[in-house]
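A structural walkthrough
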Amino acid sequence: MTSATTTGHPGPAGEITPPLDVAGIRADFPILGRAVRGGRPLIYLDSGATSHKPRQVLDAERDFYTIHNSAAHRGAHLLGEEATDAYESARARVAAFIGAAPGEVVFTKSATEALNLVAYAMSNAATAGPEAARFRVGPGDEVLVTEMEHHANLVPWQQLCQRTGATLRWFGVTPEGRLDLSGADALITDRTRVVAVTHQSNVTGTIPPVGQIAALAHARGALVVADGAQSVPHRPVDVAALGADFLAFSAHKMLGPSGIGVLWGRRELLEAMPPFVTGGSMIEVVRMEGSTFLPPPERFEAGVPAAAQAAGLAAACDYLDALGMPGVAAHEEALTAHALGALAALDGVRVLGPLTTRDRGGAVSFTVDGVHPHDVGQLLDELGIAVRANHHCAWPLHRALGVQASTRATFYVYNTHDEVDALADGVRQAQRFFAVA
Amino acid sequence: MEVESMYRELILDHYRNPHNRGLREPFDAQVHHVNPLCGDEVTLRVALKDAGGEPAVADVSYDALGCSISQASTSVMTEALIGKSVREAMGISGAFLELMQSRGAADPDEDLLGDAVAFEGVSKYPARIKCALLGWMAWKDATAQALGSAGVAEGKQT
C-alpha cells in the first residue's frame, strides 16, 4: 500500500502538518499482515466499531501482566506498589492526552459505561446527600438529547427519564445531517437539567458545536455531557476548550485495549456526584449499618482496577501523541475527502450527512439503490474490505435521514488512499453483482 | 467469487421478485420481527384452515424490508409452507433451521425443503443465518399465536 501524499496538510492556522508515515504505522499493527477471504489482504474500514492495536499497546499490556501484575491500591508488597504506580501513571497520561487534571479522569469499562455512570448518578442523587441536589431530576424536569446520538448516549437518558419521571426532549437533524439548532431557545429552558450531545457522529461524522450548545445550557444551569467516542481518537480534544462538563470515550476505539473507557468530569461535579457501581476500592469506611465513600475519582472505580488495560491505554496515548493528533486528523480528513468524492462519483450511491469535510469527521455511511447494506457489506467482505452494515447503533438517526440502514466505512491512522479506491471499486462491483449497474 | 455459493440465482430471483408479498386478509395472527444486527424487518400474517381435522396453512402474507437473504428466504418460505398442514410445515421449518446451523456440512433433503435448499451456502456465512431465519421464525411465532397457547409446538424450540 502507498503511504499518504508526500506534501503536508494545512492546519487550521495555516501551518503545514507533516504527513503520517502510513507504511511505517502499518508495520506496527500485527493484524494488518493477515489475509482474509480468498487469501486477500485485509482492508479494514471499520475502526469506528473498534480500532486495531499497535505492538506498543500490546507490549504494554503484556508487560504489565509479565512484570508488574498485582492488584493496584492493595497489597503490602512491591508488586502492589508497581501495579498502583502503573495504574495511576496511566491515569495521568490519559489526563494529559485530553488536557485534564488526573483527578478528573475516571476509568470505566467503556464509553457506554461512562455515560451510564452520569445518568445513574443523577437518579441516585434522589436518595443521596444534599451536596448531590444539583444532579436530581424529577417530574417537570427535562433531559435534552439529539436524534443524532449513538444508542449509548440516548438509551441511558431515556432510562433516566423513566426512573425519575423527567421528560426527554431532543434536537432533530437537518436533511444534510447537521444538528437542527433552530429550536435551541425552545429546547434549552430553565427546566433543562442535562444536555447530552455527541462530539462526533459515528454515522455521518458530523461535529456539532458542543461549545455553543454548552454555553446555552450553562446559562440555564444545565449540565452538558459529551460523547467523545468518535472524537477523542481522531482529533485533538482539550477539555478546557470543549465547554462540556463530562466527556466519555473508549480505549478500544483509540488503538487501546477493550474493556476500559474514560469519563472525564469537572472536579467540583465529580466531588458532589453519588456513585453508580459500588463495592470495594471506592469506600472510605464500611460498617454493616452503612458505608462512606472516597473522593473522586476513586469513588467511581469499584473493584480491582483494570491496571493492565490502563497501561495499554496509556501506551495508546503515547502512540497517538508521537504521531501528533493534528496529523492524525489531517490524514483522516484527506481520506474522508477522497471517499466522499469517490462515492459521489457513483450513480445510485447516496452518502449520508455532510458532503464536505467542514465540521465533519471520518465516518462515511452510504446507501446503494437496489442493494441492501448487508449485501453491499457482504460483497465488500468478499474483496477483503471490512465495513459495517446496519444502523450502527444509531437507529433514530437513520429514520431521521429516511433510510432503513446503511453501509459505513470509517478511517484511521493505518488506512491508505488505495484502500479508499478499493472501497469505491468494491461498491461498483456490488452494483454489478446485484445487477443494478 | 466464493460468495456466489451463497447468492445463488434462485435467491437473487426471489429477492427481485418476491412471491406472496403483501399483507392480506383474512388472517389469524400477525407478528412483527426485527433483526437488530442488520435492520431487517418483517410484518407477517398467517391464516389457518382446517384440513382433514388438523390445522393447515391457508396463507402467509407479509410486508418486509431488508437484505437479499432475508427477503428471498421469506419468499421461498411462503412457497414451501402455504397449503401444507401445520405439522408438515413445522417439520420443514425445523429442517431449514438445521440446514442453517450445519456450517456447510449438511446434506439437505430437497424433497422436504424444495427451493429452500438453495440457502445451503448461508450456513458458511454465520452473520447471515439470522437473516435467512427471520421470515421462518416470524411464521413460527405467528402460527403459535394463531393456534393459541395449546399450539402445535412440535420439534425443537428455537
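As the structure is a computational prediction, the values presented were derived from the model and not from experiment. (Residues numbered from 1 in each chain as written. Chains lettered and ligands numbered in written order. Predicted model: local features only at pLDDT ≥ 70, side-chain atom pairs only at ≥ 80, totals over all residues.)

Regarding the overall build of chain A
Quick note on the threshold: Think of it this way: any DSSP run of H or I at least four residues long counts as a helix, any run of E at least two long counts as a strand, and we number them from the N terminus. Radius of gyration means the value over C-alpha atoms here, while the globule rule gives 2.2 Å times the residue count to the 0.38 power. As a rule, residues whose C-beta atom has 12 or fewer other C-beta atoms within 10 Å are exposed, those with 20 or more are buried, and those in between are partly exposed; C-beta atoms are placed from the backbone. C-beta atoms are placed from the backbone for every residue, and two residues are taken to be in contact when these atoms lie within 7 Å.
Scanning chain A from terminus to terminus reveals 14 helices and 17 strands. Compactness check: chain A gives a C-alpha radius of gyration of 22 Å against a globular reference of 22 Å for 437 residues, within 12% of the reference. Referenced to the eigenvectors of the C-alpha coordinate spread, the extents of chain A come out at roughly 70 × 55 × 40 Å. Counting all 437 residues of chain A, 53% fall into the buried class. Considering only contacts in chain A between residues 6 or more positions apart, those separated by 24 or more positions represent 70%.

Quick word on the overall build of chain B
Looking only at helices and strands, one finds five helices and three strands in chain B. Traced from its N-terminal end to its C-terminal end, chain B shows the element sequence α-β-β-β-α-α-α-α. Taken over the C-alpha atoms alone, chain B extends approximately 50 × 30 × 25 Å along its principal axes. Long-range contacts, defined as pairs at least 24 residues apart, comprise 63% of the intrachain contacts of chain B with a sequence gap of at least 6.

With respect to the sheet that holds strand S2 (residues 40–51) of chain B
Residues and elements named next belong to chain B. Short version of the rule: The pairing criterion is simple: DSSP has to find at least two bridges between the two strands. Lines are fitted to the C-alpha atoms to define the axes, a helix being fitted only along its stretch in contact, and any angle between axes, read from their N-to-C directions, falls within 0 to 180 degrees.
Here three strands make up an open sheet; going across it, the order is S1-S2-S3 and the pairing antiparallel. At either margin of the open sheet sits one strand with a lone partner, and together these are strand S1 (29–35) and strand S3 (54–65). The mean angle between the axes of side-by-side strands here comes to 25 degrees, regardless of whether they run parallel or antiparallel. Bridge count for S1 against S2 is seven bridges, and the pairing is antiparallel. Residue pairing in the sheet places asparagine 35 in a bridge with aspartate 40 of S2. Its contacts with the sheet place helix H3 (residues 86–100) against S2 and S3, and it is angled at close to 50 degrees to S3.

Concerning helix H14 (residues 417–433) of chain A
Residues and elements named next belong to chain A. For the record, the criterion: Residue count minus one, scaled by 1.5 Å, sets the expected span of a helix.
With 17 residues, H14 should reach 24 Å at 1.5 Å per residue; the first-to-last C-alpha distance of 24 Å fits that figure. Buried within H14 we find Glu419, Val420, Ala422, Leu423, Gly426, Val427, Ala430, Gln431 and Phe433. Following H14 by one or two positions, alanine 435 adopts a phi angle in the positive range, close to 55 degrees.

Thoughts on the interface of chain B and chain A
How we decide: Residue polarity follows a fixed list, in which Ala, Val, Leu, Ile, Met, Phe, Trp, Tyr, Cys and Pro are nonpolar, Asp, Glu, Lys and Arg are charged, and the others, Gly among them, are polar.
At the junction of the two partners, chain B supplies 11 residues and chain A supplies 13 residues. In terms of residue class, the side of chain B that touches chain A is built from seven nonpolar, three polar and one charged.

Some words on helix H4 (residues 111–124) of chain A
Taking 1.5 Å per residue as the helical rise, H4 of chain A with its 14 residues ought to reach 20 Å, and the 20 Å between its terminal C-alpha atoms agrees with that figure. Of all 14 residues in H4 of chain A, 13 are buried; the element is thus mostly enclosed.

Focus: the pairing of strand S11 (residues 283–287) of chain A
Residues and elements named next belong to chain A. Burial analysis of S11 places just zero of its five residues in the buried class, a small minority of the element. Judged from the three bridges that link them, S11 and strand S12 (residues 290–293) form a sheet pairing that is antiparallel. Across the sheet, the residue bridging to isoleucine 283 is phenylalanine 293, located in S12. Turn length for the S11-S12 hairpin, with the two strands adjacent in sequence and antiparallel, is two residues.

Overview of the domain arrangement of chain A
One frequent convention defines the size of an interface as the accessible area lost when the parts assemble. All names here are of chain A. The condition is simple: As used throughout, domain bounds are those supplied by an automatic or database domain assignment.
The domains assigned to chain A are domain 1 (9–50 + 324–433) and domain 2 (59–320). Of note, the centres of domain 1 and domain 2, computed from C-alpha atoms alone, are 28 Å apart. Tallying the contact residues gives 26 residues for domain 1 and 25 residues for domain 2. Put simply, the parts of the chain that give the side of domain 1 that touches domain 2 at least two residues each are helix H11 (325–344), strand S14 (363–368) and helix H13 (395–400). A total of six residues in the side of domain 1 that touches domain 2 trace back to one element, the largest contributor, which is H11. Residues belonging to the side of domain 1 that touches domain 2 are distributed by class as follows: 14 nonpolar, eight polar and four charged.

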